[in-house]
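Working through the structure, step by step
One-letter residues, chain by chain:
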Amino acid sequence: MMKTKNLIPMALLAMSGWSLPAGAGEPVAPPPPPAVQPSSDWQFLMTLPGWGAGLSGDIGVGGFKPISVDVGLEEIVDHLDMIAALTLEARRDRWGFILDGMYLKMSGDGETPGRLLNSVSLDVEEVLAEATVTYRLWEGNRGYLDLLAGARLISMDTTLHFDLDSEGVQEVSEDLSNAIVDRVVSAIKDEVGKAESRARAELEALNLDERADALRGEVRAKAVGEIVQHRAAAAIIRTLRDVTPAQRIFIQREIESSREIIAANKALAKAVVDERVATRVSSARSRAQQAVERARKKLAKSIESTIRRVIPEEVSDTEMWVDPIIGFRGRYNFTDKRYLAARGDI
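Keep in mind that this is a model prediction, so the values were computed, not measured.

Remarks on the overall build of the protein chain
When its secondary structure is counted, the protein chain shows four helices and nine strands. In the protein chain, the succession of helices and strands from N to C terminus is α-β-β-β-α-β-β-β-β-α-α-β-β. Relative to its full complement of 346 residues, the protein chain shows a buried share of 16%. Taking the intrachain contacts of the protein chain between residues at least 6 apart in sequence as the baseline, contacts between residues at least 24 apart amount to 66%.

Some points on the pattern of salt bridges
Across all of its chains, the model carries eleven salt bridges by this definition. Here Asp146 and Arg329 are joined by a salt bridge, their closest N and O atoms 3.1 Å apart. Of this pair, Asp146 sits in strand β7 (residues 143-164) while Arg329 sits in strand β8 (residues 314-333), and the two are 183 residues apart along the sequence. Classification of Asp146 as buried rests on a relative accessible area of 1%.

With respect to the nonpolar core
Of all hydrophobic cores here, the largest spans ten residues; its members are Leu117, Leu160, Phe162, Leu164, Val169, Val172, Ile303, Ile307, Ile311 and Val315. For this core, the elements supplying multiple residues, two or more each, are β7, α3 (166-239) and α4 (245-310). For this core, the element with the highest residue contribution is β7, accounting for three residues. Ignoring anything within four residues of it in the chain, the contact list for Ile311 reads Leu116, Leu117, Phe162 and Leu164.

Examining a nonpolar patch on the surface
Together, Leu137, Trp138, Leu145, Leu147, Ile326, Phe328 and Ile346 make up a nonpolar patch on the protein surface, roughly 700 Å² of accessible area in all. When contributions to the nonpolar patch are tallied by element, the ones reaching two or more residues are β6 (117-140), β7 and β8. Note that Trp138 resides in strand β6.

Regarding the environment of Ala151
Mapping Ala151 onto the fold places it in strand β7. Residue classification places Ala151 among the partly exposed positions, given a relative accessible area of 33%. C-alpha separation for the pair Ala151 and Ala129, spaced 22 residues apart in sequence, amounts to 8.6 Å. Setting aside anything within four residues of it in sequence, one finds Ala151 in contact with Ala129, Glu130, Ala131, Val322, Asp323, Pro324 and Ile325.

Overview of unusual backbone geometry
Phi angles above zero are rare outside glycine, and Asp93 is one such case at about 55 degrees. Within the secondary structure layout, Asp93 lies in the loop between β4 (80-92) and β5 (95-111). Looking at Asp93, the relative accessible area reads 33%, which means it is partly exposed.

Comments concerning the packing of aromatic side chains
On inspection of all chains with the given rule, the structure shows three aromatic pairs. Consider the rings of Tyr332 and Phe334, whose centres lie 5.1 Å apart with planes at 75 degrees: the pair is edge-to-face. According to the relative accessible area criterion, Tyr332 is partly exposed, its value standing at 40%. A relative accessible area of 48% means that Phe334 is categorised as partly exposed. Taking NZ or CZ as reference, Arg136 lies 3.8 Å from the ring centre of Tyr144, over its face. Sitting over the ring of Tyr339, Arg331 keeps its end group 3.6 Å from the ring centre.

A closer look at the environment of Trp95
Here Trp95 shows up in strand β5. Look at Trp95 and you get partly exposed, because its relative accessible area is 47%. C-alpha separation for the pair Trp95 and Tyr135, spaced 40 residues apart in sequence, amounts to 4.8 Å. Apart from the residues within four sequence positions on either side, Trp95 is in contact with Val133, Thr134 and Tyr135.

Comments concerning the sheet that holds β4
Picture the strands of a sheet paired through backbone hydrogen bonds; they go either parallel or antiparallel. With respect to topology, seven strands assemble into an open sheet ordered β1-β4-β5-β6-β7-β8-β9, the strand pairing being antiparallel. Looking at strand neighbours, the two that pair on one side only are β1 (43-47) and β9 (339-345), the edges of this open sheet. Neighbouring strand axes in the sheet, compared pairwise and without regard to direction, differ in orientation by 20 degrees on average. As paired strands, β6 and β7 are joined by 22 bridges and run antiparallel to one another. Note that in β7 the partner of Leu122 across the bridge is Leu160.

Brief notes about the pairing of β8
Where β7 meets β8, 19 bridges bridge the pair, whose relative direction is antiparallel. By the bridge assignment, Met156 is partnered in β8 with Glu319. Examined bridge by bridge, β8 and β9 share seven bridges and lie antiparallel to one another. By the bridge assignment for β9, Arg331 is matched with Ala341. The loop that links β8 with its antiparallel partner β9 comprises five residues.

About the cut-offs
Residues numbered from 1 in each chain as written. Predicted model: local features only at pLDDT ≥ 70, side-chain atom pairs only at ≥ 80, totals over all residues. Heavy atoms only, no water. Helix = DSSP H or I, 4+ residues; strand = E, 2+ residues; numbered from the N terminus. Buried < 20%, exposed > 50% of the residue type's maximum accessible area, 1.4 Å probe, protein only. Contact = heavy atoms within 4.5 Å. Salt bridge = Lys/Arg side-chain N within 4 Å of Asp/Glu carboxyl O. Core = buried A, V, L, I, M, F, W, Y, C linked by side-chain atoms within 4.5 Å. Patch = residues over 30% accessible without salt bridge, like charges linked within 9 Å, V, L, I, M, F, W, Y side chains within 5 Å. Areas by Shrake-Rupley, 256 points an atom, 1.4 Å probe, with all protein chains shown as cover. Phe/Tyr/Trp six-rings, centres within 6.5 Å; stacked < 30°, edge-to-face > 60°. Lys NZ or Arg CZ within 6 Å of the ring centre and 35° of its normal. Pairing = 2+ DSSP bridges. Axes fitted to C-alpha atoms, helices over the stretch in contact; angles between N-to-C directions.

Put into structure tokens, the structure is as follows:
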């Protein structure tokens, strides 16, 4: 037991760095290292931190439907235009203040499918600024641990640039105009055909009634005429019994000639009417075609104007918000020249 008791103090002395001076019977301890105390003077620090990040989430600009993106550091670096970061820190005793800021600008472009656009490019500018207060919970030879709290401001300015293809816009406008006008004209023709069929049916029904009345009148007139002719013939026969056969043939030929002249006049009148109707129909058709063509061109210009208004040269949007944050930061010294620093906040 005594040997064991003697070994324990010796082991403690060796671990703690104590030594036995030569010729001394009792161990003498060297002065202990001074305890690390926070400095009572202000300490200032300025750093230019490195940067590496990725981007993931949903991005939408100016009412356009958001799209899901997942971009890594390598792709961001490929499209990086400018980046600047600066950290200012002041500390006294256990309290400290940190001002941190970063500016980032990226851009990228690409071709687009379709005939309206040559390309679309995107510019993104981001500003991150935060102010935090720190309180040192622990500090020693191996490092320190701080509690931090503050606020972080994030501002993102996104701009979409559209490079319109003028020829493509005109082609699309004309195609849409032709399609719309053709559908309208087809619909009008269908409606006109239906209306014409209904009108023809109504007119035919009306003509049948008129024809029936006319036939009734013709029948009555023919009956009356036959009666009159019969009476007249009887009178003529009574008064002109001496008409020769030659005279009768001459009278009959005159009657037939008059009928032929009347028929020829009717045919001529019908031909004249038909020609006038055909001329009017051709003229109306030409005027209608010209009106349709004017409407087609006017509609194409209106569509082109609408496309250029709906797809502007650029669309931009800026979002800014402030988040409260709380977290920790610390540092661990492996050697005099090597250490590890870490920070996390939420």
